[in-house]
Amino acid sequence: MSPDSVVPGSVRPAAEVNEQIRALWMRAGGSLSAQERAEYELLVVEWAAAIRADVIEAA
């Protein structure tokens, strides 16, 4: 998923995505497998999109 493919209005709140990222790290015990790394990368892209949406909304 690229950041440009996110549809406006469809982004989960950054705090929700951040909580999912934290849960992933807790489950992984601090060391991500290849599959977990891929999930983490998607979550980070989603989190960044949510942050951008918050900034745009605040402006």
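That block above? That's the structure.
What you are looking at is a predicted structure, and each value in this text was computed from that prediction instead of being measured.

### A look at the overall build of the chain
1) Next: A tally of helices and strands in the chain yields 2 helices and 0 strands.
2) Next: Residues classed as buried in the chain amount to 17% of the 59 residues present.
3) Next: Just so you have it, the chain exposes about 4,300 Å², and 59% of that area is on carbon and sulfur atoms.

### Brief notes about the pattern of salt bridges
1) Next: Scanning the model with the defined rule gives 3 salt bridges in all.
2) Next: Of the charged contacts in the structure, one is a salt bridge between Glu46 and Arg12, with a shortest N-O distance of 2.7 Å. In this pair, Glu46 is assigned in helix H2 (residues 34-58) and Arg12 in the segment before helix H1 (14-28), connecting sequence segments 34 residues apart.
3) Next: Overall, Glu46 belongs to the buried group, its relative accessible area being 16%.
4) Next: With its nearest N and O atoms 3.9 Å apart, the salt bridge here joins Glu39 to Arg27. Separated by 12 residues along the polypeptide, Glu39 in helix H2 and Arg27 in helix H1 bring together distant segments of the chain.
5) Next: Members of the salt-bridge network, linked through shared partners, are Arg12, Glu16 and Glu46.

### Let's talk about the packing of aromatic side chains
Each pair of aromatic rings is reported with the distance of its centres and the angle of its planes.
1) Next: Counting across every chain of the model gives 1 aromatic pair.
2) Next: Ring geometry for Trp25 and Tyr40: centres 5.6 Å apart, planes at 80°, overall edge-to-face. Taken together, the residues span a long stretch of sequence, with Trp25 in helix H1 and Tyr40 in helix H2 at a distance of 15 residues.
3) Next: For Trp25, a relative accessible area of 28% translates into the label partly exposed.

Conventions and cut-offs
Numbering of residues starts from 1 in every chain and runs along the sequence as written. For this predicted model, a pLDDT threshold of at least 70 governs which residues receive local features, and a threshold of 80 or more governs which side-chain atom pairs are given and counted, while totals over whole chains, interfaces and linings are taken from all residues. Water and hydrogen atoms were dropped before computing side-chain values, which therefore reflect all heavy atoms in the structure. Only DSSP runs of H or I covering at least 4 residues are called helices, and only runs of E covering at least 2 are called strands; the numbering of each starts at the N terminus. Throughout this description, buried means an accessible area under 20% of the type-specific maximum (1.4 Å probe, protein chains only), exposed means over 50%, and partly exposed covers the range between. Methods summary: accessible areas were calculated by the Shrake-Rupley approach with a probe of 1.4 Å, and residue burial reflects only the protein chains presented. One speaks of a salt bridge when a side-chain nitrogen belonging to Lys or Arg is within 4 Å of a carboxyl oxygen belonging to Asp or Glu. Stacked, tilted and edge-to-face are the three classes applied to pairs of Phe, Tyr and Trp rings, where Trp contributes its six-membered ring and a pair requires centres within 6.5 Å; stacked means planes under 30 degrees apart, edge-to-face means over 60, and tilted covers the rest.

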